[in-house]
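Residue-level structure breakdown
Listed below are the residues making up each chain.
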Amino acid sequence: MKVAASGTWYPDEGSRAPSGEVHAWQPGQNSTLCGVPLRRAGLARFPHVDFADVDPLTGGSADAVRWTCPKCVAATGGRRGGRRWERVDPRP
């Protein structure tokens, strides 16, 4: 998955990086994984940035990210904090 974001910033390296509101996007599609249309929402595409890299806890491209779409995080199978749901005491 790649990134679509509401803003762009240029870090010291000079390459484009996402900023502001960030969504997961699959190249070749006109909408994000959560269903937001890219053009109508004014989102810029970042085909060179992986969605995992914009997580503020672990990512390298997350310096200017203010909000990550929780629906997109769920659609990619990820969860903040790295913990997955697991049943501790199943019912009989």
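Above this text sits the structure in question.
In this report, the structure presented in the accompanying data block is examined. Since we're looking at a predicted model, the values are computed, not measured. (Residues numbered from 1 in each chain as written. Predicted model: local features only at pLDDT ≥ 70, side-chain atom pairs only at ≥ 80, totals over all residues. Heavy atoms only, no water.)

**Describing the overall build of the protein**
Check the secondary structure of the protein and you find two helices and four strands. Traced from its N-terminal end to its C-terminal end, the protein shows the element sequence β-β-α-β-β-α. Split into buried and exposed, the 92 residues of the protein put 29% on the buried side. A separation of at least 24 residues holds for 51% of the contacts in the protein among residues at least 6 apart in sequence. For the protein, the exposed surface amounts to about 6,400 Å²; the carbon and sulfur share of it is 46%. (Helix = DSSP H or I, 4+ residues; strand = E, 2+ residues; numbered from the N terminus. Buried < 20%, exposed > 50% of the residue type's maximum accessible area, 1.4 Å probe, protein only. Contact = heavy atoms within 4.5 Å. Areas by Shrake-Rupley, 256 points an atom, 1.4 Å probe, with all protein chains shown as cover.)

**Notes on the sheet that holds strand E1 (residues 2-9)**
Taken in spatial order, the four strands make up an open sheet running E3-E1-E2-E4, and their pairing is mixed. Pairing within the sheet leaves two strands with one partner each, and these edge strands are strand E3 (44-50) and strand E4 (65-68). Neighbour-to-neighbour, the strand axes of the sheet open up by a mean angle of 35°, direction not taken into account. Judged from the seven bridges that link them, E1 and strand E2 (residues 17-25) form a sheet pairing that is antiparallel. (Pairing = 2+ DSSP bridges. Axes fitted to C-alpha atoms, helices over the stretch in contact; angles between N-to-C directions.)

**Comments concerning the nonpolar core**
Core analysis: the largest hydrophobic core is formed by 13 residues, its most contacted members being Val3, Val22, Phe51 and Val54. Contact partners of Val3, with chain neighbours within four places excluded, come to Pro18, Val22, His23, Trp25, Ala44, Arg45, Phe46, Val49, Asp50, Phe51 and Val54. (Core = buried A, V, L, I, M, F, W, Y, C linked by side-chain atoms within 4.5 Å.)

**What about the side chain of Thr32?**
Within the secondary structure, Thr32 sits in the loop between E2 and helix H1 (38-41). Residues contacting Thr32, with those up to four places away along its chain left out, are Ala4, His23, Ala24, Leu38, Leu43 and Cys72.

**Regarding the environment of Arg45**
Note on placement: Arg45 falls in strand E3. You can call Arg45 partly exposed: its relative accessible area is 38%. Between the C-alpha atoms of Arg45 and Trp25, which are 20 residues apart in sequence, the distance is 7.9 Å. Not counting residues up to four positions away in its chain, the partners in contact with Arg45 are Val3, Ala4, Arg16, Trp25, Asn30 and Leu38.

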